[in-house]
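Take a look at the letters that make up each chain.
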Amino acid sequence: MRHVTDEPRMEADVVVVGAGLAGLTAARELTAAGWTVRLLEARDRVGGRLKGLDLGDGKAADLGGEYFGDKSTLIAELGRSLGVEGFRTYDEGRRLTFVGGRRHAYTGLFPWRLAPATLADFGQAVLRIERLCRTVPPEAPWLAPGAKELDSQTFWSWCRRNVATPTAREFLSMVTEAAYCASPADLSLLHVLYYANASGGFRYLLEISRGIQRYRFEGGAHSIPQKLAATLTDETRLGAVVRRIEQRADSVVVSGPGFEARARWVVVAVPLTLSGRIEYAPALPGYRDQLTQRMPAGAALKCLAIYDEPFWRADGFSGQVTTSDGPFRVALDTSPPGGSPGVLSAFVTGSAARELTRLPAPDRRTAVLGALTRALGPRAAKPADFVEQNWLDEEFTRGCYHGFAPPGVYTSYGPALRAPIGRIHWAGTETGVHQMGSMGGAVDSGLRAARELFARAAGDRDPGAAILGAVGRG
Ligand SMILES: Cc1cc2nc3c(=O)[nH]c(=O)nc-3n(C[C@H](O)[C@H](O)[C@H](O)COP(=O)(O)OP(=O)(O)OC[C@H]3O[C@@H](n4cnc5c(N)ncnc54)[C@H](O)[C@@H]3O)c2cc1C
């Protein structure tokens, strides 16, 4: 891989903007088909929302995306093809949750010692969400039966009408914030259902051993983009912050401080919100700009507390700690295979992230370790190391896990997510179908963007119009 200053003037068939999983996948497909590609990455590393932390002794942890399940076929296949194998997430012993003002130790999906009325209420809510999400097609949620109605309410409005007991609502809000990095009041009900169905189901999204968090990657998920980029050393340019994309009659010119790249087509594979911050000439049509104005990224910090050993395992705990009003929504055992060192990852998401990011870093550390200590005892208070990854502050990410839709967005602007505009094609996990929002969604979007270009080269001259034909039918 080279720095962009090594080649400030570039020419290629396709320029791909962003070397996360989506951009890397698109670049690999195009290169494999014999096209010339320049993959422009703003940072001095590849991987975007996948980032590693060196734990020493050849071991590593993930500061970004990490988990996958049996339904995560695309990312599992990609990992395997690069020699990155999965291993089972540690999920033995009791879980701990702090809801309704009390500490509960339990096994299974919910704390069974809660009042029977609360349990029954939570169970019926999950069942209804599960049934409803199956009606939302991941390839076009705006075409779901009753899409307008589903998209004209927040998930919180739905909870207020359909979940009667305060503790069941509190538990549902907590798991929603952990899975979506946004509060139920932020989210369109249609988005909640869409993401759940694209992931494999609502309950599947919340589960560990029987769900999307069943596996992690040996050496870390971040090693996948690193290995992929090692196959694209001639194509990848680091330090290339794309600021402007100019479409001309016969080409597109992609530029930023100190470089310019000319190509026939461009694939923009950056987080959705950030795609709206690039300058386009001519300006993008209003329907696309309105979309990027309306889909913010979720809010998440990932805090890793590293201990000599996973002491909670010997105490009979799985390491999973959830809190409805604490500094994080969920903490999980993310120790490397073999369990040394012991690592707890605390996911500070949604409203917790909004509150904690207002505090200085030392206070955030105190708050996270305080909650872990309350759950797992005094040994949690003294980690050998504590590392915080604040994704909100990252200039080239600006939040995570993915961009979400408040009410009204998909049914008004949804098809603009993927519709090419002239010589510009879109990738990035937010535009994925299979496991949109996750690593699989990124891979899916990169494959689709490459397929669009192959079809174009074969004579399909206006793919954007075909996709946009679906606008307004939702
Ligand atoms: C804390 C956290 C936990 C997560 N947990 C999971 C999980 O357990 N399982 C799962 O499947 N997924 C998880 N995800 C989501 C997953 O990581 C993402 O969906 C996926 O990595 C997104 O890939 P992408 O290529 O679409 O985008 P990105 O990874 O964001 O890549 C976009 C790239 O574009 C670059 N870029 C941005 N702007 C510019 C510009 N102007 N010019 C040039 N380059 C630019 C960025 O630097 C970046 O490298 C998690 C994410 C986070 C942050």
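Residues numbered from 1 in each chain as written. Predicted model: local features only at pLDDT ≥ 70, side-chain atom pairs only at ≥ 80, totals over all residues. Heavy atoms only, no water.

Quick rundown of the overall build of the chain? Include the residues and the values.
For the chain, the count of helices and strands is 17 helices and 21 strands. Taking 23 Å as the expected radius of gyration for a compact globule of 474 residues, we find that the chain reaches 22 Å, a close match to that expectation. On the principal axes, the C-alpha backbone points of the chain span a range of 65 × 55 × 40 Å. Out of the 474 residues in the chain, the part that is buried amounts to 62%. Within the chain, contacts between residues at least 6 apart in sequence are counted, and of these 73% link residues at least 24 apart. As presented, the chain carries roughly 17700 Å² of accessible surface, and 50% of it is formed by carbon and sulfur atoms. Charge separation in the chain, taken as the distance between the mean sites of 56 positive and 50 negative side-chain charges, equals 4 Å. (Helix = DSSP H or I, 4+ residues; strand = E, 2+ residues; numbered from the N terminus. Rg over C-alpha atoms; globule rule 2.2 N^0.38 Å. Buried < 20%, exposed > 50% of the residue type's maximum accessible area, 1.4 Å probe, protein only. Contact = heavy atoms within 4.5 Å. Areas by Shrake-Rupley, 256 points an atom, 1.4 Å probe, with all protein chains shown as cover. Lys, Arg positive; Asp, Glu negative; His and termini not counted. Charge placed at Lys NZ, Arg CZ, Asp CG, Glu CD.)

Just give me the short version of the pattern of salt bridges, but keep the residues and values in it.
Considering all chains together, one arrives at 21 salt bridges under this definition. A salt bridge links Arg28 to Glu29, with the nearest nitrogen and oxygen atoms 3.2 Å apart. Residue classification places Glu29 among the partly exposed residues on the basis of a relative accessible area of 26%. Through salt bridges with shared partners, one network takes in Arg244, Glu246, Arg248 and Glu279. (Salt bridge = Lys/Arg side-chain N within 4 Å of Asp/Glu carboxyl O.)

How would you sum up helix H3 (residues 116–133)? Please name residues and give values.
Because each turn of an α-helix spans 3.6 residues, side chains separated by three or four positions in sequence point in the same direction. The terminal C-alpha atoms of H3, which comprises 18 residues, lie 26 Å apart, in line with the 26 Å expected from a rise of 1.5 Å per residue. Among all positions of H3, only Thr118, Leu119, Asp121, Phe122, Ala125, Val126, Ile129, Glu130 and Cys133 are buried. For H3, the elements touching its buried residues are helix H5 (155–162), helix H6 (166–180), helix H7 (189–199) and helix H8 (202–206). (Expected span 1.5 Å × (residues − 1).)

Summarise the sheet that holds strand E10 (residues 215–217); cite the residues concerned and give the values.
As a general point, the strands of a sheet are linked pairwise by backbone hydrogen bonds and lie either parallel or antiparallel. Read across the open sheet, the three strands follow the order E6-E10-E7; overall the sheet is antiparallel. Where the open sheet ends on each side, the last strands, each with one partner, are strand E6 (67–68) and strand E7 (86–88). Of the pairings in the sheet, the one linking E6 to E10 comprises two bridges and is antiparallel in character. Bridging from a neighbouring strand, Tyr67 pairs with Arg216 of E10. (Pairing = 2+ DSSP bridges.)

Before we move on, can you summarise helix H16 (residues 439–457) with the specific residues and values?
The terminal C-alpha atoms of H16, which comprises 19 residues, lie 28 Å apart, in line with the 27 Å expected from a rise of 1.5 Å per residue. Of all 19 residues in H16, 15 are buried, a share of seventy percent or more.

Got a sec to walk through the site of the ligand? Specific residues and values, please.
Among the 34 residues in the neighbourhood of the ligand, the closest are listed as Glu41, Arg43, Arg49, Thr429 and Met439. Within the side chain of Arg49, one N or O atom sits 2.8 Å away from an oxygen atom of the ligand. Within the backbone of Val242, a nitrogen or oxygen atom sits 3.0 Å from a nitrogen atom of the ligand. Taking 1000 Å² as the accessible area of the ligand by itself, protein coverage stands at 96%. (Near = heavy atom within 4 Å. Polar contact = N/O pair within 3.5 Å; in protein donor to acceptor, adjacent residues only side chain to side chain.)

An account of the pairing of strand E14 (residues 259–268) is needed here, citing residue identities and associated values.
With seven of its 10 residues buried, E14 lies for the most part within the structure. As defined by bridge partners, strand E2 (residues 9–17) adjoins E14 across eight bridges and the pair is classed as parallel. By the bridge assignment, Val14 is partnered in E14 with Trp265. The pairing of strand E13 (residues 252–256) with E14 spans five bridges and is antiparallel.

Before we move on, could you go through the pairing of strand E3 (residues 37–40) and cite the residues and values that matter?
With burial as the criterion, each face of E3 is covered, one bearing Val37 and Leu39 and the other bearing Arg38 and Leu40. Judged from the four bridges that link them, E2 and E3 form a sheet pairing that is parallel. Note that in E3 the partner of Val15 across the bridge is Arg38. On the question of chirality, the crossover connecting E2 to the parallel E3 by way of helix H1 (residues 21–32) is right-handed. Where E3 meets strand E11 (residues 236–238), two bridges bridge the pair, whose relative direction is parallel. Counted as the bridge partner of Leu40 is Arg237 from E11. (Right-handed = clockwise from strand over helix to strand, strands pointing away.)

Tell me about the domain arrangement of the chain, and name the residues and values.
When the domains of the chain are assigned, the result is domain 1 (2–49 + 222–295 + 404–468) and domain 2 (116–207). Taken over C-alpha atoms, the centre of domain 1 sits 31 Å from the centre of domain 2. Each partner contributes to the roughly 1600 Å² buried at the junction of domain 1 and domain 2, and carbon and sulfur atoms together form 62% of this total. A per-residue breakdown of the area domain 1 buries against domain 2 is headed by Phe404, Tyr410 and Thr411, which together make up 36% of the total. Counting every contact that joins domain 1 to domain 2 gives zero salt bridges. On the surface where domain 1 and domain 2 come into contact, there are 10 residue pairs in polar contact (both at pLDDT 80 or more). (Domains from an automatic or database assignment. Buried area = accessible area lost by both parts, 1.4 Å probe.)

Please provide a residue-by-residue account of unusual backbone geometry, values included.
Residue Pro282 follows Ala281 across a cis peptide bond; omega there is -5°. The residue Pro282 is located in the loop between strand E15 (279–281) and helix H11 (286–294) in this model. With an omega dihedral of -5°, the bond running from Ser340 to Pro341 counts as a cis peptide bond. Of note, Pro341 is situated in the loop between strand E18 (330–333) and strand E19 (342–349). The backbone of Arg398 shows a phi angle near 70°, a positive value even though the residue is not glycine. Looking at the element boundaries, Arg398 is found in the loop between strand E20 (385–390) and helix H15 (409–413). For Gln435, which is not a glycine, the phi torsion comes out positive at approximately 50°. Using a relative accessible area of 2% as the deciding quantity, one classes Gln435 as buried.

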